[in-house]
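Chains, contacts and geometry: an overview
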Amino acid sequence: SVYGWRMIASDINSSSISSAGEIVAANGHGDLIDVRHQGNSNRSIFDGVLRVGENIDFAMCNPPIYPSMEAYQAENARKVRGLSKNKHLNRKRGKVMR
């Protein structure tokens with residue numbers, strides 16, 4: 001609030017959205033921080049968050065938090081398999097993801 005910046009906070013988890021909204025309100029920053037829920041989206045981290053015609057100057061995110069090392073490793077393996085499936089598409093664009 002020192003600089004008058006306005007921010008958008010978003011999450012895919014409804015409980016996190018409720019908690020964030022309560023924290024924003026309790027600190028009197030409802031006019032500066034807009035808390036928005038992002039539904040399921042595979043296209044962009046901004047899908048369902050930014051509104052038509054809305055622009056931002058800066059974006060920041062937190063990495064996902066996993067309940068265990070096993071959960072992290074399983075998700076990482078899933079992502080690597082997904083990247084392998086699309087390797088031929090990236091070559092067509094002149095990029096090879098490894």
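Here the structure is shown first, and the text comes after it.
The sections below set out a description of the structure shown in this document. (Residues numbered from 1 in each chain as written. Predicted model: local features only at pLDDT ≥ 70, side-chain atom pairs only at ≥ 80, totals over all residues. Heavy atoms only, no water.)

Some remarks on the overall build of the chain
Definition in use: Secondary structure elements follow DSSP: runs of H or I of four or more residues count as helices, runs of E of two or more count as strands, with numbering from the N terminus. Exposure categories follow from relative accessible area, calculated using a 1.4 Å probe and restricted to protein chains: below 20% of the type maximum is buried, above 50% is exposed, and the middle band is partly exposed. Should any heavy atoms of two residues lie within 4.5 Å, those residues are counted as being in contact. Calculation of accessible area relied on Shrake-Rupley with a 1.4 Å probe; when residues are assessed, cover is drawn exclusively from the protein chains displayed.
The secondary structure content of the chain amounts to three helices and two strands. In the chain, the order of α-helices and β-strands from amino to carboxyl end is β-α-β-α-α. With 98 residues in all, the chain has 7% of them scored as buried. By sequence separation, contacts in the chain at least 24 residues apart represent 45% of the contacts at least 6 residues apart. For the chain, the exposed area adds up to about 8600 Å²; of that, 53% sits on carbon and sulfur atoms.

Observations regarding helix 1 (residues 14-26)
As a reminder of what qualifies: What a helix should span is 1.5 Å times the count of its residues minus one. Think of a polar contact as two N or O atoms within 3.5 Å of one another; within protein, one of them needs to be a possible hydrogen donor and the other a possible acceptor, and neighboring residues in sequence only count if both atoms come from side chains.
Helix length check: helix 1, at 13 residues, gives a terminal C-alpha distance of 18 Å against a target of 18 Å (1.5 Å per residue), a fit within 8%. Of the residues flanking the start of helix 1, the one acting as N-cap is Asn13, its side-chain oxygen 2.8 Å from the backbone nitrogen of Ser15. Positive backbone phi, approximately 70°, marks Gly28, located one or two places after helix 1.

Remarks on the environment of Gly39
Structurally, the position occupied by Gly39 is in the loop between strand 2 (33-37) and helix 2 (69-85). C-alpha separation for the pair Gly39 and Ile12, spaced 27 residues apart in sequence, amounts to 5.9 Å.

Some words on the side chain of Gln38
Note that Gln38 resides in the loop between strand 2 and helix 2. Owing to a relative accessible area of 10%, Gln38 belongs among the buried residues under this scheme. Only 2.8 Å separates the side chain of Gln38 from the backbone oxygen of Asp47, close enough to count as a polar contact. Not counting the four nearest positions on each side in its chain, Gln38 is found in contact with Asp11, Ile12, Ser44, Ile45, Phe46, Asp47 and Val49.

What to know about the pattern of salt bridges
Keep this limit in mind: We define a salt bridge as a side-chain nitrogen of Lys or Arg found within 4 Å of a carboxyl oxygen belonging to Asp or Glu.
Applying the stated criterion across every chain yields a total of four salt bridges. Between Arg36 and Asp34 there is a salt bridge whose closest N-O contact spans 2.9 Å. Look at Asp34 and you get partly exposed, because its relative accessible area is 24%. One salt bridge connects Glu54 with Arg36, and the closest N-O pair in it is separated by 2.7 Å. On the criterion of sequence distance, the pair formed by Glu54 in the loop between strand 2 and helix 2 and Arg36 in strand 2 is long-range, its members being 18 residues apart. For Glu54, a relative accessible area of 26% translates into the label partly exposed. Through salt bridges with shared partners, one network takes in Asp34, Arg36, Arg51 and Glu54.

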